[in-house]
Structures are given as structure tokens and as C-alpha cells.
Amino acid sequence: MIGVRHWFYAAVPLTAAFFSLVLLGQSLWIPLKAEVAHWLIERSWQRSLEGEIEAPPWPWADTRAAGILTVPGRGIRQMILEGNSGRNLAFGPVILNHTGHSEDLVLSGHRDTHFRFLKDLRTGDQVHIQLPDGTRYFEVIQLDIVDSTQAEMVIEPGVKRLSLVTCYPFDSMAAGGPQRYVVTALPVEPQISRRHSPSSG
């Protein structure tokens, strides 16, 4: 009996240490995997700029890099992906209508990760979208909270506009609600924007 008890007391801390190492490994693996994925997406973007039209970030990926979103005044730089799926949204914002012809661009992202910065945008902020055919410059003109059950976002190919869309409220514990936060931006000339007013936004 003493031997069994001794074994039990020795096994408990060893088991706890084993599971602690497993949990530590998992916690380290998640950010490492995100860093590797980001590097592969950046690499696929460079390959596409070099002429490789279909350049998936990894062989089994159902997406590819479509462009780069930057907000110079907020220190934001994010890779844009093709394919509106939950799997792709985990790696970055996605472009909903990347046909190569539409001027009405709509980007969607998660409110608690890549598009969390939308809550800090104000009218007058500039947003740059780099696509394979060049960089487009936009200025935020409107911030809206929209009920997706009452209003439908219509993409108009002939309209030059950028819409950034995410779920709302930003700090809600429940996901998948009907409200959407929509940032609307219109084209501007490079390095030119209206003076930002403290009362705007």
C-alpha cells in the first residue's frame, strides 16, 4: 500500500507537468502558425506581382493574396485575401468582389482581430489599397452602423468607392449578430485629403 501511495504522489506532479507542457506548446504553436501563414501570404503576393497569376500561399489553400490595405495615419498594414470564408478571415481581411474590373471595392474582416482598428477611424483618414494593377487612394467620408436584416449592401461596379465592413458592436461577447459597422471611403489624389476636423466622425 505504501508503494502504491508513493507512486500516486509521484505521478500527480509528473502528470500535471506533462499537461502544462502540452498547453504551453499549444499556446506557442498558435502565434507561430500565424507568423508562418503571414510570411507565406506575403510571399505569394510577391509571386503574383512577378507574374504568377495563381499563386496560393500554400498548396492546399483556397485563397491567395489579392492586395495590401494600409492606413498610414494609424500604422495599419494588412494583406488582403480572396474568398469570403471563415477560414480565410482568420488570416486577414477578404475582398468580396475582386473581379479585376469593379471599382466598388468591399472588404470584410473580423471585428476582434484584423478589423478592430475600424472603431478608431475618423472621417478624413486615408486608406490605401494596393492591387496588382496599382495603388488606389481613398479618404473616409462616412461611418455607419447598419442592420443587415433591414439593409442590403449593393455593389455597383461603376461606382468608385471603398467599403470596410465588420460585425458590431466591437466589444460584444456574442458573435454573429445582425449589426454591421461600415466605413465608406471615396477616391482622392495621392497625398491629398481634406483637413481633419476635431468634430468630425
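So, here is what we can say about the structure in this document. (Residues numbered from 1 in each chain as written. Predicted model: local features only at pLDDT ≥ 70, side-chain atom pairs only at ≥ 80, totals over all residues. Heavy atoms only, no water.)

### With respect to the overall build of the protein chain
Move 1: When its secondary structure is counted, the protein chain shows two helices and eight strands.
Move 2: Start at the N end of the protein chain and walk to the C end: the helices and strands fall as α-β-β-α-β-β-β-β-β-β.
Move 3: The 201 residues of the protein chain split such that 36% are buried.
Move 4: As displayed, the protein chain has an accessible area near 12400 Å², and 60% of this comes from carbon and sulfur atoms. (Helix = DSSP H or I, 4+ residues; strand = E, 2+ residues; numbered from the N terminus. Buried < 20%, exposed > 50% of the residue type's maximum accessible area, 1.4 Å probe, protein only. Areas by Shrake-Rupley, 256 points an atom, 1.4 Å probe, with all protein chains shown as cover.)

### Some thoughts on the packing of aromatic side chains
Move 1: Under the defined criterion, the tally for this structure stands at five aromatic pairs.
Move 2: Ring centres of Tyr168 and Phe170 lie 5.8 Å apart, and the angle between their planes is 85 degrees; this geometry places the pair in the edge-to-face category.
Move 3: The exposure class assigned to Tyr168 is partly exposed, which follows from its relative accessible area of 25%.
Move 4: Note on Phe170: relative accessible area 8%, which makes it buried.
Move 5: Ring geometry for Phe170 versus Tyr181: centroids 5.2 Å apart, planes at 65 degrees, classification edge-to-face. Taken together, the residues span a long stretch of sequence, with Phe170 in the loop between β7 (161-167) and β8 (179-187) and Tyr181 in strand β8 at a distance of eleven residues.
Move 6: Classification of Tyr181 as buried rests on a relative accessible area of 9%. (Phe/Tyr/Trp six-rings, centres within 6.5 Å; stacked < 30°, edge-to-face > 60°.)

### Focus on the pairing of β8
Move 1: Pairing of strand β6 (residues 134-147) with β8 involves nine bridges; the strand directions are antiparallel. Each bridged residue has a counterpart across the sheet, and for Asp144 the counterpart in β8 is Val182.
Move 2: One ladder, built from six bridges, connects β7 with β8; its direction is antiparallel. The residue of β8 that forms the bridge with Leu162 is Ala185. (Pairing = 2+ DSSP bridges.)

### Some details on the pattern of salt bridges
Move 1: Under the defined criterion, the tally for this structure stands at ten salt bridges.
Move 2: Across the pair Glu103 and Arg136 runs a salt bridge whose closest N-O atoms are separated by 3.5 Å. Of this pair, Glu103 sits in the loop between β3 (94-95) and β4 (104-108) while Arg136 sits in strand β6, placing them 33 residues apart in sequence.
Move 3: According to the relative accessible area criterion, Glu103 is partly exposed, its value standing at 28%.
Move 4: Exposure remark for Arg136: the relative accessible area of 17% places this residue in the buried category.
Move 5: Taken together, the shared-partner salt bridges in this structure form one network comprising Glu103, Asp133 and Arg136. (Salt bridge = Lys/Arg side-chain N within 4 Å of Asp/Glu carboxyl O.)

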